[in-house]
Amino acid sequence: MQLGHNRKMSGAQCLADMLKGYGVTHVFHVPAVLRTTFAEMERRTDIKRLHVHGEKAAAYMADGYARASGKPGICMAQVIGALNLAAGLRDAWLAHAPVIAMTGGREPKTKFRKVYQEIDDMPAFEPVTKFNATVDDVERFPDMVRQAFRTAVTGCPGPVHLQFRGNEGQIDAEEADMEPLVEPQFARVPAFRPEPDEANLGAALKILQEAKRPVIVAGGGVRASGAAAELVALAEALQIPVATSLNGKDAIPGNHPLAAGVVGTYSRESANRVVNAADLVCFIGTESGGMTTHFWAVPKIGTAAIQIDIEPQALGRNYPLQAAVNGDAKATLARMLALADRASAAKRKNWIAEAQTICAEWRKKYQPALTSDAVPIRPERLCHELSRYVPEDAIVVVDTGHAGMWMGGMFDLTSPRQSYMRSAGHLGWAFPAGLGAKCACPQRPVVTFTGDAGFWYHIAEVETAARWNINAVTVVNNNGSGNQSKRGFDRVYGGQQTAKARELWTFSKVDFARIAQDMGALGIRVEQASAFPSALAQALAAERPVVIDVVTDIDALAPTAVV
Ligand SMILES: Cc1ncc(C[n+]2csc(CCOP(=O)(O)OP(=O)(O)O)c2C)c(N)n1
């Protein structure tokens with residue numbers, strides 16, 4: 001793109017200036033890639049260059065950074081680490097997080113000659129990116145970097161990969177006449193807020209207002225759009241209960257009278273019961289995928305449905321719709337709120353009472369576990385203490401598996417200022433993602449919840465956190481195992497596992513607090529539930545990275561989804 005302000009510069013200078021121009025504050029990498037760019041970053045910018053212990057962790061940190069800030073997270077690897085980085089983009093892809101991965105690539109001169117460490121990495125990035133491209137000529141730095149940002153943040157956001165020529169991306173040392181122009185519009189999500197079509201909107205609103213027992217199912221699109229306030233206002237105006245996907249858990253605080261909980265597989269019983277008792281489901285910013293609908297059993301296919309989404313292809317993918325609205329969640333909900341007939345809410349009084357009874361029944365059923373003093377500690381109690389004591393502006397970051405089940409079902413956000421980010425399925429995501437979130441939002445407390453199996457994956461990054469003063473608090477639900485797997489092995493052993501079968505899902509018992517301490521973080525071990533609040537308070541005040549090792553019950557299994 002010739003804009004008339006070109007000047008001779010290296011690719012490295014151009015890239016450093018552009019990253020700065022887009023507001024990038026941190027890049028996460030394993031050397032050696034784009035070495036000249038790193039030197040230029042130091043000369044020309046104050047971007048922090050975090051040298052971490054593995055490419056997958058770098059991708060997860062960039063992902064956490066992106067989800068916490070809405071700004072693209074940047075991760076980098078040389079050619080030999082490229083597929084480790086690609087593996088780390090898988091969660092960002094599933095969660096629609098704008099991560100930009102930059103790798104070294106191949107030299108046309110030596111391709112196919114058995115160059116040390118080299119294979120064709122491009123195909124591996126194809127299924128985990130929206131845009132997967134090579135930068136072969138230094139003149140292309142400006143337009144390709146702009147296209148990377150543009151693609152990552154527009155429409156439904158997602159990861160992008162740029163492969164730079166040379167195993168370490170040495171193309172960055174070459175010079176050309178370039179302009180490091182940036183487009184601030186594409187520096188964060190959402191780049192645009194497409195307005196809904198009025199006729200479609202009117203049709204959807206009419207159906208919603210006529211329904212006697214409607215429920216909203218809100219997803220990650222609500223958080224990407226920053227539409228939580230509009231969502232809650234519409235639900236209040238029309239008196240409609242709200243369930244969320246795991247990815248949309250922070251669309252409504254858990255203590256709101258209209259909140260039914262997380263619906264689907266890793267869910268809260270009350271949410272599944274409310275959604276399955278509804279006569280109309282309004283999906284907003286959710287793909288209505290397998291996890292959110294418990295493989296399309298909640299709600300059952302055939303339940304009347306309407307849907308709002310920024311991605312037209314999402315509309316009606318899984319549930320036949322009575323009305324479909326294509327638009328940004330915040331813009332659409334604000335417009336619905338402006339047009340809402342509040343008088344239509346009166347007919348839903350009984351329905352709201354019924355939904356609230358269902359929620360109260362859930363609370364009563366789980367009260368003993370939520371308040372249990374048992375030793376080893378019950379995970380439900382741990383979640384309950386987090387509901388009570390996580391600060392009101394915290395970012396809560398949660399791993400998958402049992403961690404996702406426990407926190408999805410048992411933990412409540414208590415303030416609209418809190419954020420919730422969860423692994424889209426990859427065990428081990430949360431700890432590095434929490435560090436990335438803390439880099440993006442250093443003023444906000446970050447509290448990460450992970451199991452011990454999840455924590456083991458990237459435990460080396462405790463040293464990174466200590467070296468870079470990334471003062472996130474990580475709570476490890478330490479039962480010395482990956483005990484979510486217990487049920488599955490019980491099943492294949494015909495109900496009763498052999499003693500030897502435990503080698504398939506148990507670990508040695510370790511004290512993560514001691515390990516963390518040795519790696520330069522603050523470690524706190526908690527063996528009694530009553531000691532957790534003061535441990536969390538100490539951690540939040542420490543201004544150091546903290547690992548709270550909570551010794552929990554290996555026999556505690558999270559409740560499975562209710563249909
Ligand atoms: C990358 C990856 N590999 C494997 C799994 C399957 N998996 C889900 S949960 C789990 C064990 C979880 O253990 P832990 O984090 O300690 O939590 P716990 O079940 O003990 O509460 C495994 C292996 C996964 N989700 N992601």
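Just above sits the structure.
Residues numbered from 1 in each chain as written. Predicted model: local features only at pLDDT ≥ 70, side-chain atom pairs only at ≥ 80, totals over all residues. Heavy atoms only, no water.

A. Inspection of the overall build of the protein chain at higher detail. On a plain count of helices and strands, the protein chain comes out with 21 helices and 20 strands. Here the C-alpha radius of gyration of the protein chain, 24 Å, is about what a compact globule of 563 residues would show, namely 24 Å. Based on the C-alpha atoms only, the size of the protein chain along its principal axes is roughly 70 × 60 × 45 Å. Out of the 563 residues belonging to the protein chain, those deemed buried represent 60%. In the protein chain, of all internal contacts separated by at least 6 residues, the share reaching a separation of at least 24 is 76%. (Helix = DSSP H or I, 4+ residues; strand = E, 2+ residues; numbered from the N terminus. Rg over C-alpha atoms; globule rule 2.2 N^0.38 Å. Buried < 20%, exposed > 50% of the residue type's maximum accessible area, 1.4 Å probe, protein only. Contact = heavy atoms within 4.5 Å.)

B. Structural context of helix α1 (residues 11-21). Across the 11 residues of α1, nine count as buried, placing the element largely inside the fold. Of all the residues in α1, the buried ones are Gly11, Ala12, Gln13, Cys14, Leu15, Ala16, Asp17, Met18 and Leu19. Positive phi shows up at glycine 23, right after α1, with a value of about 85°.

C. Broad picture of the packing of aromatic side chains. All chains considered together, the criterion is met by 11 aromatic pairs. Between the aromatic rings of tyrosine 22 and phenylalanine 149, the centroid separation amounts to 3.8 Å while the plane-to-plane angle is 5°, which identifies the pairing as stacked. Taken together, the residues span a long stretch of sequence, with tyrosine 22 in the loop between α1 and β2 (26-30) and phenylalanine 149 in helix α6 (residues 141-153) at a distance of 127 residues. What makes tyrosine 22 buried here is its relative accessible area of 2%. Put simply, the rings of Phe431, Phe455, Trp456 and Phe512 touch in pairs and so form one group of aromatic residues. When the ring centre of tyrosine 420 is taken as reference, the NZ or CZ atom of lysine 249 above it lies at 5.5 Å. (Phe/Tyr/Trp six-rings, centres within 6.5 Å; stacked < 30°, edge-to-face > 60°. Lys NZ or Arg CZ within 6 Å of the ring centre and 35° of its normal.)

D. Local environment of the environment of asparagine 483. Among the structural elements, asparagine 483 can be located in the loop between β18 (473-478) and α19 (486-492). Those residues in contact with asparagine 483 that lie beyond four places of it in its chain are His402, Trp505, Asp553, Ile554, Asp555, Ala556 and Leu557. Within the structure, the side chain of asparagine 483 is placed 3.1 Å from the side chain of asparagine 479, a separation counted as a polar contact. (Polar contact = N/O pair within 3.5 Å; in protein donor to acceptor, adjacent residues only side chain to side chain.)

E. Quick peek at the packing of helix α10 (residues 269-277) against helix α13 (residues 349-370). Two numbers describe how α10 lies on α13: the axes approach to 9 Å, and their chain directions differ by 155°. Judged by the inter-axis angle, α10 sits roughly antiparallel to α13. As α10 runs across α13, the sense of the crossing is right-handed. Contacts from Glu269, Ser270, Arg273, Val274 and Ala277 of α10 reach α13 at Trp351, Glu354, Ala355, Ile358, Cys359, Glu361, Trp362, Lys365 and Tyr366. Taken together, the residues of the contact of α10 with α13 sort by class into eight nonpolar, one polar and five charged. (Axes fitted to C-alpha atoms, helices over the stretch in contact; angles between N-to-C directions. Parallel < 35°, antiparallel > 145°, perpendicular 65-115°, else oblique. Left-handed = near helix turned anticlockwise from the far one by under 90°. Nonpolar A, V, L, I, M, F, W, Y, C, P; charged D, E, K, R; others polar.)

F. Inspection of a nonpolar patch on the surface at higher detail. On the surface, Phe295, Trp296 and Ile301 cluster together to form a nonpolar patch covering roughly 320 Å² of accessible area. The exposure class of isoleucine 301 is partly exposed, given its relative accessible area of 49%. (Patch = residues over 30% accessible without salt bridge, like charges linked within 9 Å, V, L, I, M, F, W, Y side chains within 5 Å. Areas by Shrake-Rupley, 256 points an atom, 1.4 Å probe, with all protein chains shown as cover. Salt bridge = Lys/Arg side-chain N within 4 Å of Asp/Glu carboxyl O.)

G. Main features of the site of the ligand. Around the ligand, the structure places 17 residues, and the nearest of them are Asp452, Ala453, Ser481, Asn483 and Gln484. Contacts to the ligand include alanine 453, whose backbone N or O atom sits 2.8 Å from an oxygen atom. The side chain of tyrosine 457 places a nitrogen or oxygen atom 3.3 Å from a nitrogen atom of the ligand. Look at the ligand: alone it shows 590 Å² of surface, and the protein chains cover 74% of it. Looking at the shell around the ligand element by element, the count peaks at four residues for helix α17 (residues 452-457). Of the residues contributing to the shell around the ligand, the split by class is three nonpolar, 13 polar and one charged. (Near = heavy atom within 4 Å.)

H. Quick peek at the sheet that holds strand β15 (residues 395-398). With parallel pairing, six strands are arranged side by side in an open sheet as β16-β15-β17-β18-β20-β19. The sheet terminates laterally at β16 (419-422) and β19 (522-526), the two strands that pair on one side only. Neighbouring strand axes in the sheet, compared pairwise and without regard to direction, differ in orientation by 20° on average. Relative to strand β20 (residues 546-551), β19 runs parallel, the two being bridged by five bridges. By the bridge assignment for β20, glycine 523 is matched with valine 547. (Pairing = 2+ DSSP bridges.)

Purely geometric numbers; function is a separate question.
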